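# Breakdown of the fold
What follows is each chain in one-letter form.
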Amino acid sequence: MHIVVCIKQVPDSAQIRVHPVTNTIMRQGVPTILNPYDLFALEAALRLRDQIGAEVSVLTMGPPMAEDTLRKALGFGADRAVLLTDRAFAGSDTLATSYALSQAIKRMGEEWGEPAIVFTGKQTIDGDTAQVGPGIARRLRLNQVTYVSAVTEIDPAAGTISLQRRAEGGVQEITTRLPALITMLEASNEVRRGSLPEALRAARAKVEVWNAAQAGIADMTKCGLRGSPTVVKRVFAPPARAVSAEKIDTTTNQSDDIAEALIAGIYARQPALEGELLRMAAGY
Amino acid sequence: MTEERFDAIVVGAGPSGNAAAYTMAKSGLNVLQLERGEYPGSKNVQGAILYADALERLMPDFREDAPLERHVIEQRIWMMDDHSHTGMHYRSELFNEDKPNRYTIIRAQFDRWFSRRVRDAGATLLCETTVTDLLRDSQNRVIGVKTDRHGGALLADVVILAEGVNGLTGQQAGLRAQPEPKDVALAVKEMHFLPQELIESRFGLRGDEGVVIEAMGTITRGMTGTAFLYTNRESISIGIGCLVDEFTRTGQTPYGLLDAFKAHPSIAPLLVGSEVKEYAAHLIPEGGFNAMPKLVGDGWMVVGDAAHLVNAVHREGSNLAMTSGRLAGETVVKLKRLRDPCTEANLGDYRRLLEDSFVLKDMKKYRKVPGLLHGNRQLLDLYPRMLSQAAQTWFRVDGVDKRTKERQIMRDVRQARGWRGLLGDAFKVARAWR
Amino acid sequence: MSEATPARQAGRAGMKKELPEHFKAYRHVWVFIEYEHGAIHPVSLELLGEGRKLADKLGVELGGVLLGADREALAAATVEVSEYGADVVYVVADPILQHYRNEPFTHAVTDLVNTYKPEILLLGATVLGRDLAGAVATTLLTGLTADCTELAIDDERSLAATRPTFGGSLLCTIHTLNYRPQMATVRPRVLPMPARQSGRIGRVIERALDMREDDIVTKVLRFLPDRDSQKSQLAYADIVVAGGLGMRSPENLQLVRALADVLGGDWGGSRPLVQKGWMPADRQIGQTGKTIRPKLYIAAGISGAIQHRVGVEGADLIVAINTDPNAPIFDFAHLGVVADATEILPALTEAFRKRLSVNRLAG
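Next up on the list: the overall build of chain C. A count of helical and extended segments in chain C gives nine helices and 19 strands. Against the 2.2 N^0.38 benchmark of 21 Å for 363 residues, chain C shows a C-alpha radius of gyration of 23 Å, consistent with a compact globule. Taking the principal axes of its C-alpha atoms as reference, chain C extends roughly 65 × 55 × 40 Å. Residues counted as buried form 54% of the 363 residues belonging to chain C. When contacts within chain C are restricted to residue pairs at least 6 apart in sequence, long-range pairs at least 24 apart make up 66% of them.

As a further point, take the overall build of chain A. When you go through chain A residue by residue, the secondary structure sums to seven helices and 15 strands. For a compact globule of 284 residues, the expected C-alpha radius of gyration is about 19 Å, and chain A comes in at 24 Å, more than 25% above that figure. Its C-alpha atoms give chain A principal-axis dimensions of roughly 70 × 50 × 40 Å. Expressed as a percentage of the 284 residues in chain A, the buried residues total 53%. At a minimum sequence separation of 6, the contacts of chain A that also span at least 24 residues come to 68%.

Moving on to the nonpolar core. One finds Val5(A) and Ile160(B) to be the most contacted residues of the largest nonpolar core, which totals 251 residues. For Ile160(B), the contacting residues outside a window of four places in its chain are Ala8(B), Val10(B), Val11(B), Ala20(B), Met301(B), Val303(B) and Ala328(B). Within the second largest apolar cluster, 54 residues are counted, among which are Leu234(C), Val256(C), Leu259(C) and Tyr297(C).

Attention now goes to the domain arrangement of chain C. All names here are of chain C. For chain C, the assigned domains are domain 1 (21-215) and domain 2 (230-362). For domain 1 versus domain 2, the separation of C-alpha centres amounts to 33 Å. Here the side of domain 1 that touches domain 2 is built from residues that sort into five nonpolar, four polar and three charged.

Chain A puts 87 residues into the contact, and the matching count from chain C is 95 residues. The biggest single contributor to the side of chain A that touches chain C is helix H6 (residues 255-269) of chain A, with ten residues. Alignment of strand E11 (residues 170-177) of chain A against strand E14 (residues 219-225) of chain C, held across six bridges, turns out to be antiparallel. Paired with Glu173(A) across the bridge in E14(C) is Arg222(C).

A few words now on the domain arrangement of chain A. Here the domain parsing of chain A yields domain 1 (2-222) and domain 2 (245-284). Here the C-alpha centroids of domain 1 of chain A and domain 2 of chain A sit 49 Å apart.

Moving on to the sheet that holds strand E14 (residues 230-236) of chain A. Spatially, the four strands line up as an open sheet ordered E14(A)-E11(C)-E10(C)-E9(C), and their pairing is antiparallel. On the outer flanks of this sheet lie E14 of chain A together with strand E9 (150-153) of chain C, each paired with one strand and no other. Across the sheet, the mean angle separating the axes of adjacent strands is 30 degrees when strand polarity is ignored. Pairing geometry for E9(C) and strand E10 (residues 159-165) of chain C, over four bridges, is antiparallel. Residue pairing in the sheet places Ala152(C) in a bridge with Ala160(C) of E10(C).

A few words on the environment of Pro20(C). For Pro20(C), the position within the fold is in the loop between strand E1 (4-5) and strand E2 (29-33). Expressed as a C-alpha distance, the spacing of Pro20(C) and Val310(C), which sit 290 residues apart in the sequence, is 35 Å.

What follows deals with the packing of helix H13 (residues 378-395) of chain B against helix H14 (residues 402-416) of chain B. Axes are the key here: two packed helices are described by the angle between their axes and the distance separating the axes. All names here are of chain B. Viewed as axis vectors pointing N to C, H13 and H14 meet at an angle of 165 degrees, and their least axial separation amounts to 9 Å. Accordingly, the angle class assigned to the pair H13 and H14 is roughly antiparallel. For the pair H13 and H14, the crossing hand works out as right-handed. Between H13 and H14, the contacting residues are Leu382, Met386, Gln389, Ala390, Thr393 and Trp394 on the first element and Lys405, Gln408, Ile409, Asp412, Val413 and Ala416 on the second.

All names here are of chain B. The end-to-end C-alpha distance of helix H10 (residues 344-356) is 19 Å, a good match for the 18 Å that 13 residues give at a rise of 1.5 Å each. Of all the residues in H10, the buried ones are Leu347, Tyr350 and Leu354. On its buried side, H10 packs onto strand E16 (296-297), strand E17 (300-302), helix H9 (318-337) and helix H11 (358-365).

This part takes up the interface of chain C and chain B. Across the contact, four residues belong to chain C and six residues belong to chain B. Among the residues making up the side of chain C that touches chain B, the classes are represented as one nonpolar, two polar and one charged.

Checked against the element boundaries, Arg141(A) lands in the loop between helix H4 (132-140) and strand E9 (143-155). In this structure, the C-alpha to C-alpha distance between Arg141(A) and Glu198(A), residues 57 residues apart in sequence, is 33 Å.

Residues and elements named next belong to chain C. Counting buried positions along strand E15 (residues 239-243) yields five of five residues, so the element is predominantly enclosed. Along E15, one buried face is formed by Ile239, Val241 and Gly243 and the opposite face, lined by Val240 and Ala242, is buried too. As defined by bridge partners, E15 adjoins strand E17 (residues 296-300) across five bridges and the pair is classed as parallel. The partner of Ala242 across the bridge, within E17, is Ala299. Where E15 lies against strand E16 (residues 266-269), four bridges are found, and the strand directions are parallel. Counted as the bridge partner of Val240 is Asp266 from E16.

Let us now look at the sheet that holds strand E8 (residues 115-121) of chain A. Backbone hydrogen bonds hold the strands of a sheet together, and the pairing may be parallel or antiparallel. Taken in spatial order, the ten strands of this open sheet run E13(A)-E7(A)-E6(A)-E1(A)-E8(A)-E12(A)-E9(A)-E10(A)-E11(A)-E14(C), and their pairing is mixed. Whereas interior strands pair on both sides, the edge strands pair on one side only; in this sheet they are strand E13 (208-210) of chain A together with E14 of chain C. The mean angle between the axes of side-by-side strands here comes to 30 degrees, regardless of whether they run parallel or antiparallel. Both E8(A) and strand E12 (residues 180-184) of chain A contribute to a ladder of five bridges, which runs parallel. Considered in E12(A), the bridge of Phe119(A) is made with Ile182(A). Packed onto the sheet, helix H4 (residues 127-140) of chain C meets E9 and strand E10 (160-167) of chain A and runs at close to 100 degrees relative to E9(A).

Turning to unusual backbone geometry, a few remarks are in order. Here the amide bond leading from Leu178(A) into Pro179(A) is cis, since omega sits at 0 degrees, within 30 degrees of zero. When you line up the elements, Pro179(A) lands in the loop between E11 and E12. That bond from Arg180(C) to Pro181(C) is cis: its omega, -5 degrees, falls within 30 degrees of zero. Even without glycine at this site, Leu141(C) takes up a positive phi of about 50 degrees. By secondary structure assignment, the location of Leu141(C) is in the loop between H4 and strand E8 (144-148). Judged by the 14 C-beta atoms lying within 10 Å of it, Leu141(C) falls in the partly exposed class. A positive phi is found at Arg248(C), a non-glycine position, where the angle reads about 70 degrees. On the secondary structure map, Arg248(C) appears in the loop between E15 and helix H5 (253-263). A count of 15 C-beta atoms within 10 Å places Arg248(C) in the partly exposed class.

A few words now on the confidence of the model for chain C. Residue and element names in this part refer to chain C. Chain-level statistics for chain C give a pLDDT mean of 88 and a share of 91% at 70 or above. In the model of chain C, E1 stands out as the element of lowest mean pLDDT, 38, in contrast to E2, which has the highest, 98. Note on residues 1-15: pLDDT is under 50 here. Beyond four places in sequence and across chains, it has 27 contacts. Here the predicted complex carries an ipTM of 0.81, next to a pTM of 0.76.

Parameters at a glance
- Residues numbered from 1 in each chain as written.
- Chains lettered and ligands numbered in written order.
- Predicted model: local features only at pLDDT ≥ 70, side-chain atom pairs only at ≥ 80, totals over all residues.
- Helix = DSSP H or I, 4+ residues; strand = E, 2+ residues; numbered from the N terminus.
- Rg over C-alpha atoms; globule rule 2.2 N^0.38 Å.
- Buried ≥ 20, exposed ≤ 12 C-beta atoms within 10 Å, placed from the backbone.
- Contact = placed C-beta atoms within 7 Å.
- Core = buried A, V, L, I, M, F, W, Y, C linked by C-beta atoms within 7 Å.
- Domains from an automatic or database assignment.
- Nonpolar A, V, L, I, M, F, W, Y, C, P; charged D, E, K, R; others polar.
- Pairing = 2+ DSSP bridges.
- Axes fitted to C-alpha atoms, helices over the stretch in contact; angles between N-to-C directions.
- Parallel < 35°, antiparallel > 145°, perpendicular 65-115°, else oblique.
- Left-handed = near helix turned anticlockwise from the far one by under 90°.
- Expected span 1.5 Å × (residues − 1).
- pLDDT = per-residue confidence, 0-100.

Dropping the structure here:
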C-alpha cells in the first residue's frame, strides 16, 4: 500500500516582523520549520505503515531549501521524499496549490502505486486556511475526512477505514472507503523518534526534485498567479489607534502601588465592572 | 542492530565541530557529525563575531554565499560607571577592504550555512541526536559512541568532541571535569530589531559597515564580567555576563543586569525604537589556560569551547574554535594518510599544532588574567569609576584653573586607590598580561 | 541580504479587469447556516448580520443555506434565519443530511450555487465550515479566503476580505476578482451578534438532494458528545487573563490562572506558548486560537503581534503588562503598565482579593 503525506516548510511565524517605517515584511533571519501540524500527519502514516506494511512518501511544494524539511521527514522514517519546485508556482493561492500537488500525487501514483491514503496536517501556521487538503481531495476524488483525531481501524483488502473525527461539540465515529484524504488533528499522537538506521538513511537519501513538467503538470494556466482566483490587493499594518495605551506610573517601582493604580484605572474606565466583581465574589 | 563504521565522528555542529568535519570530509574521510539540536545553530541563536581569517583558512571563498551581517570597521571599548562611559574608539577606513577581517553574524543562520557546506563536502549529519556514551574497547580506547536513538551504535577511529563548554559526553566519560563556576560565565543576550537606516544613522555607518562595543565597569555591579553590543544588518545584539560563581556570591540575576545595562544612559539611546525579538542565555568559558582539560586521548580529541579555548581578555572564541577544529581535522587526515592509529601519542600532533598557533600562544599569554581578576575586582569596578570621575573633572569647564583640576584628579585617585594600590595594580596587570 | 517584500503588489500579470460574462449574472449574498443537533451555530447568525450589511451595500438579497434531515426542526430554523436578516432561505431536507458529511453537503451546496448563482458565499470557520468550504471552493473552482477579520464591498462591487498574513504580522485584503461566487470564512466571535427581528419573514426555496445513501461511502456510525466540563468557555468569558512569552516559564502561568480565578474569569495565552508546549491549544487566544470579546482582558507579557490583536480587539477594556515600552500591544491596549508581569500579576491578584473579600465582609 502506498501512503502520501503532504508537508510544508513554513517560516517560524513567531519570528516574522514588520519594518516599522516602510511596512514591509522582514524575512531576514527567520528560521524555517516543518509545519508542526504536519508532524502528526506523518506519525499517523508511519503508524499505519508499522501496522499493515506500506510505503510512506512525503511530498512538499516549495522553494529549493524545502529539501531540508523533506530530509527531516525522512529522518522520522518516511521511505521517500519528493520536492515539487518550480518558479511557475510562485504566487499560488490554495486553489493553484491543490492543483499542483494533486498532479504531483498522480505522478507519484504512476511511479510507486496509487496512494490509498493522502495525509495532511490540519492547517499550516503561515496560511492557516486548511483549504489545500480538501482541494486535493476534490481533485483526486478522494473521500475526505478532516480533523481526524485517530485512525481506529483499517482493512486494505476490503478498502475501508474507520476514524474518529472532531466535530462541533463532540467526536464523530466515521467509516469511509479508500482512497481517502485525511487531515490530522494535533496532539492526536506523539511523533516518534527515528531509529539510528533510519536517521542515517535519511541523512544520505536522495530527495526527488520535480519541476512542473516532471510532475506531469500539463496546464500551466492553473498554476501560480494565473491559476489563483484570489488576489492580494493590499498588504498593510493595522492602523495605529489614535490614542495608545494610557500608561500607569511605575516610577515608585512598587508592585503593590502599581497594582492599586491599575485597579483604579480599570474601575474608572469600566465602572460597572466593580459592581459585577463584587457580586461575583459574594456568590462564593 | 547496526554498527556503522566511520573514519571520524564529530560530536557537535557548532563552529569547532563544523571546522573539524569540513577539514576531514574535504580530504575524503568518511565523517559522521552528530548534533543534538534540531538543526545546527538551533542551540545558538544570537549574534556573534565571525573572524574571517580563521574561516578563510578553511574556505577561502566563504564570502560568496555565507550569511554575513556587517563587516566591522569600528571597535569601541567602554569603561562605564552608572552615568557615563569613558571609551576608546578605533574606526578605520582600512577595515573597508576587499576581504574584511571581522563580521557580525547571526549564529542560527551562519551555523546552518556552514553545516550545509560541511555536508556538501561529503560529511553525514544527524540532527536531534544526542551522544549518550562513548564506546570503549578492552584497553579503554575510545572506539565510537552511543546515541539516544535506538537501533545501533556508531564506531570510528577517532571521536572529536566539539560539544561546547557544558557538553556532557566528555564529562560523563571522565575525560574532563565539569567546569567550575569560577571558570564559566553566564551571559544573557537579546536581539533587538531596528531598521537598517536607523542603525546606519545612529552609528554613522554606510552600507554594510558595522560597530562592536565591548563594555565593562559598574554595569556588572561589582562582579567580574563584561557586556557587548554588536550591530547586525537590521538588528542589534546586546548582552552581558558574569562569572557563575559571582552570581552565586551576590545573588544577582543576569536578566537584572541586562535590563539595567539597556537602560544605561549611554546604551538606551542606541536601542530606542527597537523591538526585542529573542532572549537567550549562554555559557562562556572564562578560565583560560589553567582551566583547559586534557586535549587528546586514545581515540578522542577535544576542540572549541569544550576544550575551554576562549581568549577571555580579547573576547575571542569562535576563531579559536574554528582553528582548533581545523587543526584537529588536519591531524586526523595526516594519520589516516600514513595509516597510523589514533592513539594518544599520535593525536598529540594536534596539541603541538595548537601550541605553534596563536591559539595556545594567546591562551598561555593570558593564563594569569582570570586569577588576577578574581582577587582584584577593583580593576573592573573602581577603575572605571575613577576614570569617569577624572574625566568629569577634566572636561568640565567651570572656571577652575587647569592646575587645580589636575591636583583634584590626583587627590581623587589617591583617595580612591592610593599610590601603592595603583602601582600594585599596574604591576599585577603587567605581569598577568605578559 | 534582507528581502523586503513590497507592500503593494501592483500590476500582477494576469489580473484581468473584466469579470467573465457568465459570472455577471451572479447576484445575492449567501450565508451557509451551520445547523447540527437541532441548533444553529452562533457564527452563522453573526455572518447573517454581516451578510445583511454587504447585501444592503450591493442592493441585493441575503440568502441563507440550510441543510438537514428533520423537516419540522428545519422549519423552526428557517424562521430563526429569517429573523436574523435573511430575505430567502434555501432549504435542502433529506435523511442523508442528518449528520454532517463532506460529500452530501458539498453536493448540496454546489448544486444550489450552480442553480441560483450567488455572488458571495460566506461560511463560519468552524470545524464543519472549514471541512466544507475548501471542498466547495475547489468543486466550483473559485476563490476562498479563510479566517477573515473584516468584510466589505469596494467601489467595484467586489468583496474585500481582510485577514492577517505572514504568520499574523500584517493584514492583507484579498479579492476574488474573476470568479464566482466569492467565498470567505469567518471565525466565531469576530463579528458581532446582530439583533433578532421577531416576526421578520423570509421566502423559502426548497431543493431536493438528488443523492442516494448507498452512493455515499462515508458513514457516521456514532456521535459522542463532549462532556460539558471539557469544553473551555474561553470564547464567551467576560473576563480573561492571558500570558505570553514575557511570563518566561510555564510555571509562571499559575500567576495568570490565579488572577483569573480571583476575578471569576477564564485564562489563556498567546500562540508561542502553545508552540513551546507550555499550554494546551484550546487556550490559545488569537486569530488562529480563540477570538474573545470580554469586558476585561488582561494581557501579561504578551507583545501584541497582529494575529493576537485581531483575536482580542473586540474586548471592552484591554490592559497590557509588558517590560518593553515599545511592544505593539501598547498601541491598541487601553491601559498599560511597563513592568514585569511576573511581579505585577501576584500584586494585582492580592489587591483584587483584598478588595473583593473586604467588601464581602462589609456587605
